[in-house]
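Fold and geometry: a report
Residue-level listing of the chains:
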Amino acid sequence: MKKIIAPLLIGAALSSAFGADDSLKQEIEALKVQMAELKNAQAKLNIDALRAQVSEIKAHDSGDNVKFNIDFRTAYDIIDYKMQTPTGASTSTDNGVWTNKLILGMGAQPADNLVFKGALGAYTTFGNNSSSDQNGFQGMDWYGTQSPGDSTIKLREAYFLYFGDMGDVHYSASFGRRPSVDGFLTNLRAGNADPASPIGHNINMEFDGASFKFDVDKITGIAGMYFKICLGRGNSDADARFPEFTGYNGTNFTMADATAAHTPYSTNGNDAPNMDLAGLIWQIYDDGQYKVMTNYFKGWNMMGANFTNLTNVNPMTDSYNVSLTDVGDLTGGAVSFQVNGIGDGISDFLDDSIFFASYAFSKTDPKGIHSTLYTAMGMNAGETEMLGSSDKETGYSIYTGIQVPGFMKDQRLGIEYNHGSKYWRSFTYGEDTLIGSKLAARGDAYEIYYTLPVVGKNLTAQISYVYIDYDYTGSDMFFDSTGKPMNKAEAAAAGATFIESASDIRLSLRYRY
Amino acid sequence: MKKVLGLLVSAFLLVGMMSTSAFADAAKGQKYYLKYMKDGSGMNGAKFATQHTQAEWKALFDGKAEKFIAEYSKKFPGLDAFLKGDKFEKFMPDIRDFCIEFASDSGNVPSC
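The structure presented is a predicted model; accordingly, all values stated were derived computationally and were not measured.

**Considering the overall build of chain B**
Each helix and strand in chain B was counted, giving seven helices and zero strands. Going from the N terminus to the C terminus, chain B shows its helices and strands as α-α-α-α-α-α-α. Across the 112 residues of chain B, 38% fall into the buried class.

Right, dumping it as structure tokens:
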């Protein structure tokens, strides 16, 4: 029996083995066919064409959306004021202020010749700040995102650019909320690589308007030369949506108010004037190393305080209504020079150093009659004046600074100085200095700052110190008698406390992406 | 307040010691472009950088930027001396960053 079973088993095993071998061969053949198909398909692929296609898609998609960027800073400022009272006593006050500042930038280019740029900002002291509710000037539009207040998000920039070429002249036209803070020169202390539009020495504030720029470097053969016409409105003479409801949240609402005609956004006697500006920026030269830029402007209807409802019983203690009125016009200009890289290959240190110097002037042109504090004190019945003078007054300012490499790679050290004369008046309300604009100072201002990268360019730390030594009062005020320059003795004679100096130490961490 | 200031200044110095290593700078690259290359190329920086995609610029600047030097010396003979000189070798990382930052597919929106 065993003799029969054994050959049968061997035969079955061999037959099975031969069957498996056939199946394996078939599978190998099928795989060979598939490999051949894959090789053919691969041979037909054009890698370069695919790369080009991916780049095309990337280029299209990158321009097919709004780009956002973030600029966020946490800072601690120690501010200190040294003062002299009318009696000659010295006094001081100081404070430590924590702030958060967020700027959300955006940009889009839907067509080759059309660009939109915008920025929203919130600049807040830590926690609640009651002054935002109490003071009408706290959230003023000129410095809405440049002076800390509450956490309200405000418009900082919103404009479109339309550009093209007229022969060899490249031009652009733009309307909207201007990129008018931290401009040329002041971009260095602000830690911004690219300056905004105007010269920061005499214009650094938020406003709306238009600009028309013409690059004439090709037709003149002078590197970087351009002209830019700037138009702006710093205040609109327009009342509220419900102008008569002035007593909505107070006590002055009368039957006359309730029954009056409602004329939204019309003008009334208490409105501040339309405050307009036209200017010309002329970049004379820019070859990447040497840059010379000038500006000249005229501002119409500068706003100043008009004191009304004067009881005049006790002018030192009684309160008055104050509205803002047209007190005159102001012209101004600046010429600024910057060297970005001193010499040519003398040393790495000098190649990476920046030096600048700037001169600016302002000139008042008083008009109209308004009530001043002196009117309130019964000293006159109203007067024509600007900055406390009925004459046309000229002021000037000089501004210089240097920024050099720090102790370690990519760190920067900056030192700046500026001096303003008695009647110097700038539009630098948007300068981000808690003690008030240093560039508006009638006196001497010094600044030193040190910036270092923490995580590349995305997280930086800065320590800065600003010290202002005032010669006259009224440096950062409006254009009326509140901006009158008085020296220490004159201030004492007028019963006013004189701020001798102010300082601001700031330590900050800044995230940008 | 003086204690807070002392603490913060100490933290600042500590952060300074921990700061990260050097990086190339597109802003510096823009400066070098204006100074050394604009006249030779006859176009502004924005236009120059959009000639290539980011990947193309990276390929051109690979190594010691031999491909970039070859292409642009031929394309703009006025750039030849600068591109083959010591200054370009020194400033090349910044110029490279500038080109990549504003490349045609960078999505960067020009400020004009």
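**Examining the overall build of chain A**
Looking only at helices and strands, one finds nine helices and 18 strands in chain A. Scaling as 2.2 N^0.38, a compact globule of 513 residues should have a C-alpha radius of gyration of about 24 Å, whereas chain A reaches 34 Å, well beyond that. Principal-axis analysis of the C-alpha atoms gives chain A an extent of 140 × 70 × 55 Å. The contacts in chain A between residues at least 6 apart in sequence include a share of 62% that link residues at least 24 apart.

**Quick look at the confidence of the model for chain B**
In the predicted model, chain B carries a mean pLDDT of 83, and the fraction of residues at 70 or more is 79%. In the model output, the complex is listed with pTM 0.85 alongside ipTM 0.79.

**As for the pairing of strand S11 (residues 290–308) of chain A**
Residues and elements named next belong to chain A. Across ten bridges, the pairing between strand S10 (residues 275–286) and S11 is antiparallel. What sits directly across from Tyr-285, in S11, is Val-292. Hairpin remark: S10 followed by S11, antiparallel, with three residues in the connecting loop; positive phi at Gly-288, about 95 degrees. Note: S11 against strand S12 (residues 321–340), 17 bridges, orientation antiparallel. Its bridge partner being in S12, Val-292 is matched across the sheet by Phe-337.

**Here we look at the pairing of strand S17 (residues 459–470) of chain A**
Residues and elements named next belong to chain A. Pairing geometry for strand S16 (residues 443–455) and S17, over twelve bridges, is antiparallel. Residue pairing across strands places Asp-444 opposite Asp-469, the latter belonging to S17. Between S16 and S17, which pair antiparallel and follow one another directly, the connecting turn spans three residues, one of which, Gly-456, has a positive phi of 55 degrees.

**Re the packing of helix H2 (residues 26–41) of chain B against helix H7 (residues 86–101) of chain B**
Residue and element names in this part refer to chain B. One can describe the packing of H2 onto H7 by two numbers: an axis separation of 7 Å at closest approach and a directional angle of 115 degrees. As the angle between them shows, H2 and H7 are arranged roughly perpendicular. Relative to H7, H2 is oriented so that their crossing is left-handed. Contact with H2, carried on its side by Ala-26, Lys-28, Gly-29, Gln-30, Tyr-32, Tyr-33 and Tyr-36, involves Lys-87, Phe-91, Asp-94, Ile-95, Asp-97, Phe-98 and Glu-101 of H7 and no other residues of that element. Grouping the constituent residues of the contact of H2 with H7 by class yields seven nonpolar, two polar and five charged.

**Overview of the nonpolar core**
Counting residues in hydrophobic clusters, the biggest one holds 32 residues, and the most contacted among them are Leu-185, Ile-199, Met-205, Ala-441, Ile-468 and Tyr-470 of chain A. Sorting the residues of this core by element identifies strand S7 (196–199), strand S13 (354–366), S17 and strand S18 (498–512) of chain A as the ones contributing at least two each. Once residues within four sequence positions are removed from consideration, Ile-468 of chain A is found in contact with Ile-435, Lys-438, Ala-441, Gly-443, Ala-445, Ser-501 and Ala-502 of chain A. Of all hydrophobic cores here, the second largest spans 23 residues; its members include Tyr-36, Ile-95, Cys-99 and Phe-102 of chain B.

Cut-off values and rules
- Residues numbered from 1 in each chain as written.
- Chains lettered and ligands numbered in written order.
- Predicted model: local features only at pLDDT ≥ 70, side-chain atom pairs only at ≥ 80, totals over all residues.
- Helix = DSSP H or I, 4+ residues; strand = E, 2+ residues; numbered from the N terminus.
- Buried ≥ 20, exposed ≤ 12 C-beta atoms within 10 Å, placed from the backbone.
- Rg over C-alpha atoms; globule rule 2.2 N^0.38 Å.
- Contact = placed C-beta atoms within 7 Å.
- pLDDT = per-residue confidence, 0-100.
- Pairing = 2+ DSSP bridges.
- Axes fitted to C-alpha atoms, helices over the stretch in contact; angles between N-to-C directions.
- Parallel < 35°, antiparallel > 145°, perpendicular 65-115°, else oblique.
- Left-handed = near helix turned anticlockwise from the far one by under 90°.
- Nonpolar A, V, L, I, M, F, W, Y, C, P; charged D, E, K, R; others polar.
- Core = buried A, V, L, I, M, F, W, Y, C linked by C-beta atoms within 7 Å.

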